Amino acid sequence: MTTLSDAYRNAPLLPHHIIPLDFDSVKHVPESHSWENSDSGLLIRIQPQPPESLPIIDLADPSALNLVGQACQTWGMFQVTNHGISSALLRDVEYETGRFFSLPAKEKTKALRSPGGASGYGVARITPFFNKFMWHEGFTIVESPVDHAREVWPHAYQRFCEVMEEYQKKMKELAERLLVLILKYLGLPGEPHDLHWLPHPTSDDPFRPASCTALQLNYYPSCPNPAQAMGLAPHTDSFLLTILHQVNGTHGGLEVLKDGAGWVRVVPTEGALLVNVGDMLRIMSNDLFPSVLHRVVVDKTRHRMSLAYFYGPPMDHRLSPILAGGAPVRFRPVTVREYIEMKAKNLDDALSRVRVRS
Ligand SMILES: C=C1C[C@]23C[C@H]1CC[C@H]2[C@@]12CCC[C@@](C)(C(=O)O1)[C@H]2[C@@H]3C(=O)O
Ligand SMILES: O=C(O)CCC(=O)C(=O)O
Ligand SMILES: [Fe+2]
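Residues numbered from 1 in each chain as written. Chains lettered and ligands numbered in written order. Predicted model: local features only at pLDDT ≥ 70, side-chain atom pairs only at ≥ 80, totals over all residues. Heavy atoms only, no water.

Participant: Please set out the overall build of the chain residue by residue, giving values where relevant.
Facilitator: Helix and strand counts for the chain come out as 9 helices and 14 strands. In terms of overall dimensions, the chain is globule-like: its C-alpha atoms have a radius of gyration of 20 Å, near the 21 Å expected for 358 residues. Taking the principal axes of its C-alpha atoms as reference, the chain extends roughly 60 × 50 × 40 Å. The buried share of the chain, taken over its 358 residues, is 53%. Averaging the locations of the 35 positively and 38 negatively charged side chains of the chain gives two centres separated by 3 Å. (Helix = DSSP H or I, 4+ residues; strand = E, 2+ residues; numbered from the N terminus. Rg over C-alpha atoms; globule rule 2.2 N^0.38 Å. Buried < 20%, exposed > 50% of the residue type's maximum accessible area, 1.4 Å probe, protein only. Lys, Arg positive; Asp, Glu negative; His and termini not counted. Charge placed at Lys NZ, Arg CZ, Asp CG, Glu CD.)

Participant: Would you mind going over the nonpolar core in detail, with residue names and values included?
Facilitator: Counting residues in hydrophobic clusters, the biggest one holds 111 residues, and the most contacted among them are Phe 100 and Ile 340. Per element, the largest residue contribution to this core is 14 residues, and it comes from helix H6 (residues 158–185). In contact with Ile 340, other than residues within four places in its own chain, are Leu 4, Ala 7, Tyr 8, Cys 212, Phe 239, Met 280 and Met 315. (Core = buried A, V, L, I, M, F, W, Y, C linked by side-chain atoms within 4.5 Å. Contact = heavy atoms within 4.5 Å.)

Participant: Tell me about the sheet that holds strand E8 (residues 254–258), and name the residues and values.
Facilitator: Pairing within the open sheet is antiparallel, and its 4 strands lie in the order E6-E11-E8-E9. Strands at the two margins of the open sheet, each flanked by one partner only, are strand E6 (232–235) and strand E9 (262–265). On average, adjacent strands in this sheet sit at an angle of 25° to one another, irrespective of strand direction. Taken together, the 3 bridges between E8 and strand E11 (residues 294–296) define a ladder with antiparallel strand orientation. Bridge pairing in E11 places Leu 254 opposite Val 296. (Pairing = 2+ DSSP bridges. Axes fitted to C-alpha atoms, helices over the stretch in contact; angles between N-to-C directions.)

Participant: Kindly report on the sheet that holds strand E12 (residues 304–312), identifying the contributing residues and their values.
Facilitator: As summarised here, the arrangement of the 8 strands in space is E1-E2-E10-E7-E12-E5-E4-E3, forming an open sheet in which the pairing is mixed. What marks the edges here is a single partner per strand, and that holds for strand E1 (56–58) and strand E3 (120–122). Strand after strand, the sheet turns through a mean of 25° between neighbouring axes, direction not considered. Lying on the sheet, helix H2 (residues 64–74) is in contact with E1, strand E2 (77–81) and strand E10 (273–277); it crosses E1 at an angle near 160°.

Participant: With reference to specific residues and values, describe the site of ligand 1.
Facilitator: Close to ligand 1 lie 13 residues, the nearest being Tyr 8, Arg 125, Ile 126, Ser 238 and Phe 239. A distance of 3.1 Å separates an oxygen atom of ligand 1 from a polar atom in the backbone of Ile 126. Protein chains shield 96% of the accessible area of ligand 1, which is 440 Å² for the free molecule. Contributions of two or more residues to the shell around ligand 1 are made by helix H1 (4–9) and strand E5 (212–220). Tallied by class, residues from the shell around ligand 1 come to 7 nonpolar, 4 polar and 2 charged. (Near = heavy atom within 4 Å. Polar contact = N/O pair within 3.5 Å; in protein donor to acceptor, adjacent residues only side chain to side chain. Areas by Shrake-Rupley, 256 points an atom, 1.4 Å probe, with all protein chains shown as cover. Nonpolar A, V, L, I, M, F, W, Y, C, P; charged D, E, K, R; others polar.)

Participant: Residue-level account of the UniProt feature "coiled-coil region" (unreviewed entry) in the chain, with values.
Facilitator: In the numbering used here, UniProt assigns the "coiled-coil region" (unreviewed entry) feature to residues 157–184. Along residues 157–184 one finds 96% helix and 0% strand; the C-alpha atoms at either end are 41 Å apart. (UniProt positions renumbered as here; feature names shortened; annotations may be inferred.)

Participant: Can you explain H6? Please cite residues and give values.
Facilitator: In this model H6 runs 41 Å from its N-terminal to its C-terminal C-alpha over 28 residues, within 8% of the 40 Å that 1.5 Å per residue would give. Of the residues flanking the end of H6, it is Gly 187, one or two places downstream, whose phi is positive at about 85°. (Expected span 1.5 Å × (residues − 1).)

Participant: Which residues make up H2, and what values do they have?
Facilitator: Considered for burial, the residues of H2 that qualify are Ala 64, Val 68, Gly 69, Ala 71 and Cys 72. End-on view of H2: buried residues confined to an arc of 165°, all on one side of the axis. Residues of H2 that are buried sit in contact with E1, E2, H6 and E10. Positive phi shows up at Gly 76, right after H2, with a value of about 70°. (Arc of directions from axis to C-beta.)

Participant: Could you give an account of a nonpolar patch on the surface, with specific residues and numbers?
Facilitator: On the surface, Leu 323, Val 329 and Val 356 cluster together into a nonpolar patch covering about 210 Å² of accessible area. Of note, Val 329 is situated in the loop between strand E13 (318–319) and strand E14 (334–335). (Patch = residues over 30% accessible without salt bridge, like charges linked within 9 Å, V, L, I, M, F, W, Y side chains within 5 Å. Salt bridge = Lys/Arg side-chain N within 4 Å of Asp/Glu carboxyl O.)

Participant: Describe the packing of helix H3 (residues 87–101) against H6, and please don't skip the residues or the numbers.
Facilitator: Interaxial distance between H3 and H6 falls to 10 Å at its minimum, and their mutual angle equals 135°. Relative to H6, the element H3 is oriented oblique. The interaxial crossing formed by H3 with H6 has left-handed handedness. Contacts between H3 and H6 involve Leu 89, Leu 90, Asp 92, Val 93, Glu 96, Thr 97, Arg 99 and Phe 100 on the former and, on the latter, Arg 159, Phe 160, Val 163, Met 164, Glu 166, Tyr 167 and Lys 170. For the contact of H3 with H6, the per-class residue count stands at 8 nonpolar, 1 polar and 6 charged. (Parallel < 35°, antiparallel > 145°, perpendicular 65-115°, else oblique. Left-handed = near helix turned anticlockwise from the far one by under 90°.)

Structure below.
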């Protein structure tokens, strides 16, 4: 079986593209982290637009299928309520995430991601594509975090692992529930032969191949000069769907690039989870659903945390557009593994490399 690390092995990172700055030790934004006069500096300016609120969809609503489909088509992003994730579990993951990031830098680097690996502590994977560093620390979990958690807490790693594993289990159920709706909306025919990795409504296959998933814990320290810094640089997510939980959601920080309007702030709704379309779903929808560019801005006094769960098909699955009614094909087939490798090497160009030119 191929894993996420196999896909990343061919695009290893340099050490300075793994180890985050010790943010506790700085009083000013260092040159390495100042985007003000860099190519992407223009991007930082906060737009005067009022904050946008994304559609909020109640999953218990009988018309959820259409609402979800419409939101994917217009925004590529929406919020869900009645999502089945208990507030107790959310509180537990928040607590454990905070417990990790509040450790001294020296302790956190014990869980450092290896150069060719996918999991562990470090800067965002997209860092090498920008000439400035982000005001951000991440901890990527692929399946079980036990190996890294043990390095950090040799005797007290269990609670962290239990909570993160339970959260991933619940996230997977939610992601699959959403995908079944979305694929129905796209007009998937009755017996999807090559989609046997999705749960079947009536007969669940015990030999169903494992989907490719990851959980990313994000930490954005407070920043002495937010106008100079970038929390997370503009990117689209790679997998089918991302489900985002914003800790203490009320103050936000996430922004999306909206046609004609520039960067607009997304206001989180308490208790709702945010879902966004990734590149792989864009391919499957034959470009009907946009995978929107988003970024994170930081705050002068408050740090921010978020948990992003990424759900994709199994590594060896061949992605191709689902075509309802003879539309021209916009993307050529590509396996999940190939796409992840392309993205690791080319970032934003990855999608255009699978696009069929007309
Ligand atoms: C399973 C995934 C999805 C990854 C890569 C890998 C683990 C971490 C994810 C993120 C999280 C932060 C933004 C992003 C752009 C990044 O730099 O790392 C994401 C990326 C992607 O969606 O491509
Ligand atoms: O922290 C956020 O709000 C967004 C995180 C994100 O975009 C990601 O992890 O891919
Ligand atoms: Fe993202």
